[in-house]
Amino acid sequence: MVSNYANSVATLDSMANNQLDAILLCGDYTGGGNTVQATTYASASKAILDAINSGKADADKTKFFMTYGNHDTEWSGCLSYDGWEEILGNYGLLDHIEYGPDDSGSYSGKIVKGGKTYYIFSVETATYNNPSNTFRTDVLEWLDNGLKAATTANPNAYVYVISHAPIKESGVYGADMD
């Protein structure tokens, strides 16, 4: 499974002539969100980044961004956000981010590359299907403030918001299509 992950990123990097600005991943890296699975994922992610960033100047390196999925944090026995952040931090995968509200799993980052600015906001879902996919109020306020600050500072910047699950009843979530 790790080799599939590595091969996929290597293929994308090759297609981009070894110039990927960022890797954005949107959850469900594990089957049960335990320490062994999270460590395997973090170790593999670090090795993949090291491989594609080998020989690049710091400004040209591909950055890593992710959001958690329900398989990673939601179920009984899964790690907390703090547990994930400790493991990911041990591999240097979160060195370039700013954390969102406490214990939210949300964060933001910025890339300046090739004269372009990119803002990435990773927004963690607070609940899955209970009764619907929702976001915490403080996370939405943090996101709103961050989006305003980013677009005010640089109106020509590219802004990406990533999350694992869509908000239920948005018209794009499985059962909502009935």
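Summary of the structure given here. (Residues numbered from 1 in each chain as written. Predicted model: local features only at pLDDT ≥ 70, side-chain atom pairs only at ≥ 80, totals over all residues. Heavy atoms only, no water.)

### Focus: helix α2 (residues 35-53)
And then number 1: Along its 19 residues, α2 runs 26 Å from first to last C-alpha, staying within 8% of the 27 Å computed at 1.5 Å per residue.
And then number 2: Packing partners of the buried residues in α2 comprise α1 (2-15), β1 (22-25), β2 (63-66) and α4 (81-90).
And then number 3: The opening residue of α2 is Asn34, an N-cap whose side-chain oxygen sits 3.1 Å from the backbone nitrogen of Val36.
And then number 4: Looking one or two places after α2, you find Gly55, whose phi comes out positive at around 80 degrees. (Helix = DSSP H or I, 4+ residues; strand = E, 2+ residues; numbered from the N terminus. Expected span 1.5 Å × (residues − 1). Contact = heavy atoms within 4.5 Å. Polar contact = N/O pair within 3.5 Å; in protein donor to acceptor, adjacent residues only side chain to side chain.)

### Quick word on the sheet that holds strand β6 (residues 158-162)
Remark on secondary structure: sheet strands pair via backbone hydrogen bonds, oriented parallel or antiparallel.
And then number 1: Pairing is mixed in the open sheet, where four strands are placed in the order β3-β4-β5-β6. Either end of the sheet is taken by a strand with one partner, and the two such strands are β3 (97-99) and β6. Shown here is a sheet whose adjacent strand axes are inclined to one another by a mean of 20 degrees, direction ignored.
And then number 2: Bridging between strand β4 (residues 107-113) and strand β5 (residues 116-122) involves seven bridges; their strand directions are antiparallel. (Pairing = 2+ DSSP bridges. Axes fitted to C-alpha atoms, helices over the stretch in contact; angles between N-to-C directions.)

### Concerning the environment of Tyr41
And then number 1: Position of Tyr41 relative to the elements: it lies in helix α2.
And then number 2: A C-alpha to C-alpha distance of 8.9 Å links Tyr41 and Leu88, two positions 47 residues apart in sequence.

### A few points about the packing of α1 against α2
And then number 1: Close contact between α1 and α2 brings their axes to 10 Å; oriented N to C, the two are set at 30 degrees. Between α1 and α2, the angle falls in the class roughly parallel. Our pair here, α1 against α2, has a crossing hand that is right-handed. Across the interface between the two elements, Val2, Tyr5, Ala6, Val9 and Asp13 of α1 pack against Thr40, Tyr41, Ala44, Ser45, Ile48 and Ile52 of α2. (Parallel < 35°, antiparallel > 145°, perpendicular 65-115°, else oblique. Left-handed = near helix turned anticlockwise from the far one by under 90°.)

### Comments concerning the pattern of salt bridges
And then number 1: Tallying each qualifying case throughout the model produces five salt bridges.
And then number 2: The closest approach of N and O atoms between Lys46 and Asp50, which form a salt bridge, is 3.1 Å. On the criterion of helical spacing, the pair formed by Lys46 and Asp50 is a turn pair, its members being four residues apart in helix α2.
And then number 3: On the basis of relative accessible area, Lys46 is assigned to the partly exposed category, the value being 30%. (Salt bridge = Lys/Arg side-chain N within 4 Å of Asp/Glu carboxyl O. Buried < 20%, exposed > 50% of the residue type's maximum accessible area, 1.4 Å probe, protein only.)

### Some details on a negative patch on the surface
And then number 1: Together, Asp82, Glu86, Asp102 and Asp103 give the surface a local cluster of negative charge.
And then number 2: With respect to the element layout, Glu86 can be found in helix α4. (Patch = residues over 30% accessible without salt bridge, like charges linked within 9 Å, V, L, I, M, F, W, Y side chains within 5 Å. Areas by Shrake-Rupley, 256 points an atom, 1.4 Å probe, with all protein chains shown as cover. Lys, Arg positive; Asp, Glu negative; His and termini not counted. Charge placed at Lys NZ, Arg CZ, Asp CG, Glu CD.)

### Observations regarding the environment of Ser14
And then number 1: Here Ser14 is to be found in helix α1.
And then number 2: By relative accessible area, which is 53% here, Ser14 ends up exposed.
And then number 3: Ser14 sits 38 residues away from Ile52 along the chain, and the two C-alpha atoms are 9.2 Å apart.

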